[in-house]
Amino acid sequence: MSRIVFLNGSFLPIEEAKVPFMDRGFLFGDGVYEGIAVLDGNLVDNDAHLERLERSLGEVRIPNPYSRAEWTRLEEELARRNGMTEGFIYFQVTRGVAERDFMFPENAAPTVAMFTQAKAIVNAPAAETGIAVVTVPDQRWSRRDIKSINLLAQVLAKQAAKEAGAQEAWMVQDGYVTEGGSSSGFIVTKEGRIVVRPLSNAILPGITRKSLLALSKDVGIELEERMFTVEEAYDAAEAFMTSASTFVLPIVTIDGRSICDGKPGPVTKKLREIYIRMASSPRMAAE
Ligand code: PDD
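Rules of the game
Residues numbered from 1 in each chain as written. Predicted model: local features only at pLDDT ≥ 70, side-chain atom pairs only at ≥ 80, totals over all residues. Heavy atoms only, no water. Pairing = 2+ DSSP bridges. Helix = DSSP H or I, 4+ residues; strand = E, 2+ residues; numbered from the N terminus. Contact = heavy atoms within 4.5 Å. Axes fitted to C-alpha atoms, helices over the stretch in contact; angles between N-to-C directions. Buried < 20%, exposed > 50% of the residue type's maximum accessible area, 1.4 Å probe, protein only. Core = buried A, V, L, I, M, F, W, Y, C linked by side-chain atoms within 4.5 Å. Near = heavy atom within 4 Å. Polar contact = N/O pair within 3.5 Å; in protein donor to acceptor, adjacent residues only side chain to side chain. Areas by Shrake-Rupley, 256 points an atom, 1.4 Å probe, with all protein chains shown as cover. Nonpolar A, V, L, I, M, F, W, Y, C, P; charged D, E, K, R; others polar. Domains from an automatic or database assignment. Buried area = accessible area lost by both parts, 1.4 Å probe. Salt bridge = Lys/Arg side-chain N within 4 Å of Asp/Glu carboxyl O.

S.K.: Go over the sheet that holds strand 5 (residues 87-94), please, and point to the residues and values.
M.R.: Spatial strand order, 2-1-6-5-3-4: 6 strands in an open sheet with antiparallel pairing. In this open sheet, the two strands that pair with only one neighbour each are strand 2 (10-13) and strand 4 (42-43). With 2 bridges joining them, strand 3 (residues 31-39) and strand 4 adopt antiparallel strand pairing. What sits directly across from L39, in strand 4, is N42. In this fold helix 3 (residues 68-81) packs onto strand 1 (4-7), strand 2, strand 3, strand 4, strand 5 and strand 6 (111-118), with an angle of close to 40° to the strand it touches most, strand 6.

S.K.: Mind laying out the environment of N42, listing which residues take part and the relevant values?
M.R.: With respect to the element layout, N42 can be found in strand 4. Of the residues examined, N42 reaches a relative accessible area of 18% and is grouped as buried. Expressed as a C-alpha distance, the spacing of N42 and R272, which sit 230 residues apart in the sequence, is 17 Å.

S.K.: I'd like a rundown of the nonpolar core, residues and numbers included.
M.R.: Ranked by size, the top nonpolar core spans 23 residues in total, and within it F6, W71, I89, F91 and M114 carry the most contacts. Elements represented by at least two residues in this core include exactly strand 1, strand 3, helix 2 (46-60), helix 3, strand 5 and strand 6. Residue contacts for I89: discarding those within four places in its chain leaves E34, G35, I36, V38, L43, E75, L78, A79, M84, M114, F115 and T116. Counting 22 residues, the second-largest nonpolar core is a separate cluster that includes I121, V196, L213 and A279.

S.K.: Describe the site of the ligand, listing the residues and the values that go with them.
M.R.: If you check the shell around the ligand, you find 20 residues, and the closest are Y33, R52, E179, I207 and T208. Between I207 and the ligand, the recorded distance is 2.8 Å, taken from a backbone N or O atom to an oxygen atom. One of the side-chain N or O atoms of T208 is found 2.6 Å from an oxygen atom in the ligand. Contact with the protein chains hides 91% of the accessible area of the ligand, taken as 470 Å² for the molecule alone. Among the elements of the structure, helix 2, strand 9 (176-180), helix 6 (207-218) and strand 13 (238-243) are those that each provide at least two residues to the shell around the ligand. Residues belonging to the shell around the ligand are distributed by class as follows: 5 nonpolar, 11 polar and 4 charged.

S.K.: Outline the domain arrangement of the chain, listing residues and values.
M.R.: When cut into domains, the chain gives domain 1 (4-118) and domain 2 (125-286). On a C-alpha basis, the centroid separation for the pair domain 1 and domain 2 is 25 Å. Taken together, the contacts link 28 residues of domain 1 with 25 residues of domain 2. Here domain 1 meets domain 2 over a buried area of about 2000 Å², counting both sides, of which 60% is carbon and sulfur. Summed over the three residues of domain 1 that lose the most area to domain 2, namely Y33, D45 and R52, the buried surface amounts to 32% of that side. In this assembly, domain 1 and domain 2 are joined by 2 salt bridges. For D145, the salt bridge goes to R55, with nearest N and O atoms at 2.9 Å.

S.K.: Break down the side chain of Q92 for me, with residues and values.
M.R.: Along the chain, Q92 falls in strand 5. In terms of polar contacts, Q92 uses its side chain to reach the side chain of Y90, at 2.6 Å. Each residue touching Q92, except ones within four places of it in the same chain, is listed here: V32, Y33, T111, V112, A113 and I149.

Quick look at the structure:
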């Protein structure tokens, strides 16, 4: 059976889903996206993802084509049609199709595209082994709080990581870690406190980050929202990353230096466990 995707109002086999040549997503990267996990058939942190989508669309002035209830119905229907109970749903909205011109078109309707990627998130091997990270310069624009489909800097950062034998890149500006190529970055101090960069235009407001911070407070883990340098990360007790498609993943080396003896640390393991517990019980999701 071929994968069923959603394009502009229709569910159809991926081979039949065609976007016009003049789509502004293709020509300008003029659009925004979201990505959400499905676990045990639940949409994890759905409300928070839809809220961020609304915000991204508002910031770039693309009208939101659907209400939250309609988006939710589409996500559920897409997961159902693909028989996907665990994995990732990607959805993007572009400014639509028009003759190439930089300014907004007068009458274009947004292009809406959604697809699923089945994936074992809970039993991912990387959760057992931990991953390697390398640091790279953060070459992105100054509105990283918008989940823009312009991902060229992240493509280059993650490819550099792959070529260095790592699974994620940590992007660095003025000596401070901003975030991962497609994840939020955290360290744990020797005193057992979680450190994460505060929200600003310099990073994406990660939904997994937000949920995890709320959960860590509930279990009494102390938290510092502040910037941290690459040197502090090298010297940290633990490091980890969060994202919708991976939840919480231990980082065991940064630029080839072992963190926590090169093994996933206890605070990271505990946070992964409590996040998975929350993700499989939908009503506890982030407010
Ligand atoms: N990436 N920072 C960046 C730059 C990201 O691209 C992502 C997510 C995150 C984590 O955000 P969240 O917890 O809401 O997934 C942080 C998604 C998973 C992607 O592009 O595939």
